[in-house]
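Coordinates in review
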Amino acid sequence: MTEFSNFQIFKLNKLEAKTLFDKIWDDHVVRSIEDGPDVLYIDRHYIHEITSPQAFNGLKERGIPVFRPGKTIATADHNIPTKDQHLQIRDELSRNQVERLSENCNKHGIELFGLNDSKNGIVHVIGPELGYTLPGMTIVCGDSHTSTHGAFGTIAFGIGTSEVEMVLATQCILQQKPKKMKITVNGNPHKGVTSKDIIMYIISEISTSGATGYFVEYSGSAITSLSMEARMTICNMSIEMGARGGLIAPDETTFDYLKKLPSIPGIDDFESSVSKWKKLKSDPDASFDRELVFDAALIKPMITYGTNPGMGMAIDGSIPLAEGKNNEASSSYLKSLDYMGLKPGMMLLGHPIDYVFIGSCTNGRIEDFRAFAQIIRGRKKAANITALIVPGSKKVEEQMAAEGLLEIYKNAGFEVRQPGCSSCLAMNEDKIPAGKYAVSTSNRNFEGRQGPGARTLLASPITAAAAAITGRISDPREFINEEKNVKK
Amino acid sequence: MPKVKFDILESTCVPLPFENVDTDQIIPARFLSATSREGFGDNLFRDWKYKKTGEKNSEFVLNNPRFSGKVLVAGKNFGSGSSREHAVWTIFDYGFRAVVSSFFADIFMNNCLINGLLPIVISEDLLKKLHDLIQKEPATKVKIDLDKQTFTIISSGDSVIFGINPYKKECLLKGLDDIDFLLSMKNIITGYETNRNLVK
């Protein structure tokens, strides 16, 4: 097309020492536009009901097909109910969106794990568990928590709906290559400190915009010793410090996880894939634009007190008098605490709460429900607590049943709901009422995120469990038996 | 994807001097159950515009008749959080054509450029000065010239050059569309697919 003749496009030169991010990115650059973005090829595209309908409308208006339907995988997760999923969705707009997703997938030959499918679940939970997320891939989805998949050594990030349309139309998007940041966490975390606490600690140190413009590689012994589920929690919240995404080099833990999957679509020779994946690591002399180092031994169980994920502190701490290194609190800071009904200098331990939510793409995997179960086993839910227990997928729900976790939850007075995004963004009925406090294992404590006026306190599954049985914000370390092996 | 052109804009401003305004505030998730791009504008900052009781919050800037215009002057780290492009559609649908801040979240900025809502980054000092000027004199006008990449506060004479990716600039000036561009490259994309290294 002549109107684009002004843009100089060229192939990338091969650089010498590269980071893992460079290697994967450069391998997926179809062409670069001079002074402009790269044309980036996408290996895996996940879609869901909320951010895809307008993209399909766009294809229809242009009269074009989906270019590579086999590379897109769909699920219904954001707005679906977590009770009585076999019945028709009551909310008309939600029902319409879910139906449109089915129609669009049928029409274009896209694989859909819709409501009531035995493989349904939150997009960032089912992708890995069904073997669609593999090392070295570029992965996008119209959802900012796509960064989750970086745990497998992928470049995975959230995109807008127009970009969803670009991927459907051409399997490519236009992206400016971000800068590179390395975050190293050394040492061993203390008992009661989970991967959720590690990432919440990092965000509280560098703020919600501390990594804006960067793609992060996580490394260090406190990261490489984590399970895949725990790594996903870390990468998931990369976006909460502003990063486009975060990744971890694949290793034996990654390959073991993949090997245990029932099947991996598109991979015939697993061992030869592993030998290729083993090359996916940063060169020793590769340089990053910014490097940060943290000591895991300094991290305590974390909780947020404000209305962004950077407003977090150690559970036994007190709310800072001002944000960051400021001497005086800004109006934004005071507005945030006012919304939360909290004051600078307050301690949160012992503060009564009303709701507990465990689930979401951050902490809705089997290990999270095991960790929660270890705390509640043999105890009872506090009378003042309403608990929303929402598995991340049907597979997680099945696994909970198989391991006897459902029984433990029931005996402790907890009802387990059906999978979905649920109260993380409260698009369905699972809303926290105005003014009520919720200790939540999700990823965002924004104003109204869990319902208009809801007050969210982000924490790990075991901190949520401790709150659920005491009815107050409690230190999970008091509930951990030394011998028990709690999720790291 | 709509083809929107942008060249020169002269307008009064609406000030929103809060930091870390996330896309959940711009358009709460419960309003995302639509399947078209239109009609989101009424719900811009829905939970700040209305009180819990359902009445209009007269203290909120969008309900204040002193302030109007096509330029939203925001605070630092605007548009963080969810990737929802609906946030940009909502601001555009409400009538804004440019957003000014000292710092934008990545995905939000990308979504702005795709939809013809011009994100302009200025220094924290100038942003503070602009907020002060608007508060004192709501008729304060700014002029944005995309071709020259200049942002000018007309009354004070402050004028700065703002940055924009040259590709995106040309797309906005000419009303070009990313998908048309990518579609024009389909043969090259197919060629790439047949010669892959890491992932088959």
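All figures in this text were calculated on a predicted structure; none of them were measured in a lab. (Residues numbered from 1 in each chain as written. Chains lettered and ligands numbered in written order. Predicted model: local features only at pLDDT ≥ 70, side-chain atom pairs only at ≥ 80, totals over all residues.)

1. Remarks on the interface of chain B and chain A
How big an interface is tends to be expressed through the accessible area that disappears when the partners come together. Which entries qualify depends on this criterion: A pair of residues counts as a contact when their C-beta atoms, built from backbone coordinates, are within 7 Å of each other. Each helix is a run of H or I in the DSSP string that is no shorter than four residues. Each strand is a run of E no shorter than two, and both are numbered from the N terminus. Three categories are distinguished: nonpolar for Ala, Val, Leu, Ile, Met, Phe, Trp, Tyr, Cys and Pro, charged for Asp, Glu, Lys and Arg, and polar for the others, with Gly belonging to the last.
Listed per partner, the contact involves 53 residues of chain B and 67 residues of chain A. Ranked by the residues each element gives to the side of chain B that touches chain A, the list is headed by helix H7 (residues 178–183) of chain B, at 6 residues. For the side of chain B that touches chain A, a count of residues per class yields 23 nonpolar, 16 polar and 14 charged.

2. Regarding the packing of helix H2 (residues 53–62) of chain A against helix H5 (residues 161–170) of chain A
Residues and elements named next belong to chain A. What counts is decided by this rule: Orientation is described by axes fitted as lines to C-alpha atoms, over the contacting stretch for helices, and by angles from 0 to 180 degrees between their N-to-C directions. The cut-offs work like this: below 35 degrees is roughly parallel, past 145 is roughly antiparallel, 65 to 115 is roughly perpendicular, and the gaps in between are oblique. For any pair of crossing helices, the crossing counts as left-handed if the nearer helix is rotated counterclockwise from the farther one by less than a right angle, and right-handed if it is rotated clockwise.
Relative orientation of the contacting elements H2 and H5 amounts to 50°, with a least axis distance of 8 Å. The orientation of H2 relative to H5 falls into the category oblique. Here H2 runs over H5; the crossing is right-handed. Taking contact as the criterion, the partners of Gln54, Ala55, Gly58 and Leu59 in H2 are, on H5, Thr161, Val164, Glu165, Leu168 and Ala169.

3. Remarks on the sheet that holds strand E19 (residues 455–458) of chain A
Residues and elements named next belong to chain A. Rules: Strand pairing is assigned whenever DSSP identifies at least 2 bridges connecting the two strands.
The strand order across the open sheet built from 4 strands is E17-E16-E18-E19, with neighbouring strands paired in parallel fashion. The open sheet terminates on both sides in strands that have one partner only, identified here as strand E17 (386–389) and E19. When strand polarity is set aside, the average angle formed by the axes of neighbouring strands in this sheet is 20°. Pairing between strand E16 (residues 355–358) and E17: 4 bridges, direction parallel.

4. So, the pairing of strand E4 (residues 118–121) of chain B
Residues and elements named next belong to chain B. Short version of the rule: A right-handed crossover is one whose linking path, passing over the helix from the first strand to the second, runs clockwise when the strands point away from the viewer.
Here strand E3 (residues 98–101) runs beside E4; their pairing, made up of 4 bridges, is parallel. Of the residues in E4, the one forming a bridge with Ala98 is Leu118. Crossover connection from E3 via helix H4 (residues 106–115) to parallel E4: handedness right-handed.

5. Focus on the confidence of the model for chain A
As a reminder of what qualifies: pLDDT is a per-residue confidence score from the predictor, ranging from 0 to 100.
Scored by pLDDT, chain A comes out at a mean of 95, with 96% of its residues at no less than 70. This model gives residues 482–488 of chain A a pLDDT under 50, and the stretch forms 18 contacts once residues within four places in sequence are excluded.

6. Concerning the nonpolar core
Our working rule: Think of a nonpolar core as buried Ala, Val, Leu, Ile, Met, Phe, Trp, Tyr and Cys residues chained together by C-beta atoms that fall within 7 Å. Every C-beta atom is placed from the backbone, and the number of other C-beta atoms within 10 Å of a residue's own sets its class: buried at 20 or more, exposed at 12 or fewer, partly exposed in between.
Core analysis: the largest hydrophobic core is formed by 149 residues, its most contacted members being Ile303(A), Val356(A), Phe372(A), Ile376(A) and Ala438(A). Among all residues touching Ile376(A), those that are not within four sequence positions of it are Ile408(A), Ala412(A), Phe414(A), Ala465(A), Ala468(A) and Ile469(A). In terms of nonpolar packing, the next biggest core, distinct from the first, is built from 49 residues, Cys13(B), Ile27(B), Phe40(B) and Leu172(B) among them.

7. Considerations on the sheet that holds strand E6 (residues 111–113) of chain A
Residue and element names in this part refer to chain A. In spatial order, the strands read E6-E5-E4-E7-E8; together these 5 strands make up an open sheet with parallel pairing. On the outer flanks of this sheet lie E6 and strand E8 (155–158), each paired with one strand and no other. The mean inter-strand angle of the sheet, taken between neighbouring strand axes irrespective of direction, is 20°. In this sheet, strand E7 (residues 138–141) lies alongside strand E4 (residues 44–47) in parallel orientation, the contact comprising 3 bridges. Looking across to E7, one finds that Tyr46 is bridged to Cys141.

8. Looking at the packing of helix H3 (residues 86–94) of chain B against H4(B)
Residues and elements named next belong to chain B. Closest axis-to-axis distance for the H3/H4 pair is 9 Å, and the angle between their directions is 50°. Between H3 and H4, the angle falls in the class oblique. The two elements H3 and H4 meet at a crossing, and its hand is right-handed. Judged by residue contacts, Ala87, Val88, Trp89 and Phe92 of H3 engage Phe108, Asn111, Cys112 and Asn115 from H4. A per-class count over the contact of H3 with H4 returns 6 nonpolar, 2 polar and no charged.

9. With respect to the environment of Pro433(A)
Residues and elements named next belong to chain A. Looking at the secondary structure, you find Pro433 in the loop between helix H15 (405–411) and strand E18 (437–440). Put simply, Pro433 and Pro37 are 396 residues apart on the chain and 44 Å apart in space, counted from C-alpha to C-alpha. Apart from residues lying up to four places away in sequence, Pro433 is in contact with Gly451 and Ala454.

10. Concerning helix H6 (residues 195–206) of chain A
Residue and element names in this part refer to chain A. In plain terms, the rule: Take the residue count of a helix, subtract one, and multiply by 1.5 Å to get its expected span.
Here H6 is 12 residues long and its end C-alpha atoms lie 17 Å apart, about the 16 Å a rise of 1.5 Å per residue gives. Within H6, 11 of the 12 residues are buried, which leaves it mostly tucked inside the rest of the structure. Positioned one or two residues after H6, Ser207 has a phi angle of 75°, which is positive.

11. Side note on the pairing of E18(A)
Residues and elements named next belong to chain A. Residues Tyr437 and Val439 point to one face of E18 and Ala438 and Ser440 to the other, with burial holding for every one of them. In this structure, E16 lies alongside E18, joined through 3 bridges in parallel fashion. Residue pairing for E18: Phe357 is matched across the bridge by Ser440. Sheet analysis places E18 next to E19, joined by 4 bridges and oriented parallel.

12. What to know about H3(B)
Residue and element names in this part refer to chain B. The buried fraction of H3 amounts to 7 of the 9 residues, a majority that puts the element mostly inside the structure. Tucked inside the fold, the buried residues of H3 contact helix H1 (23–26), strand E2 (71–73), E3 and H4. One or two positions beyond H3, positive phi appears at Gly95, with a value near 125°.

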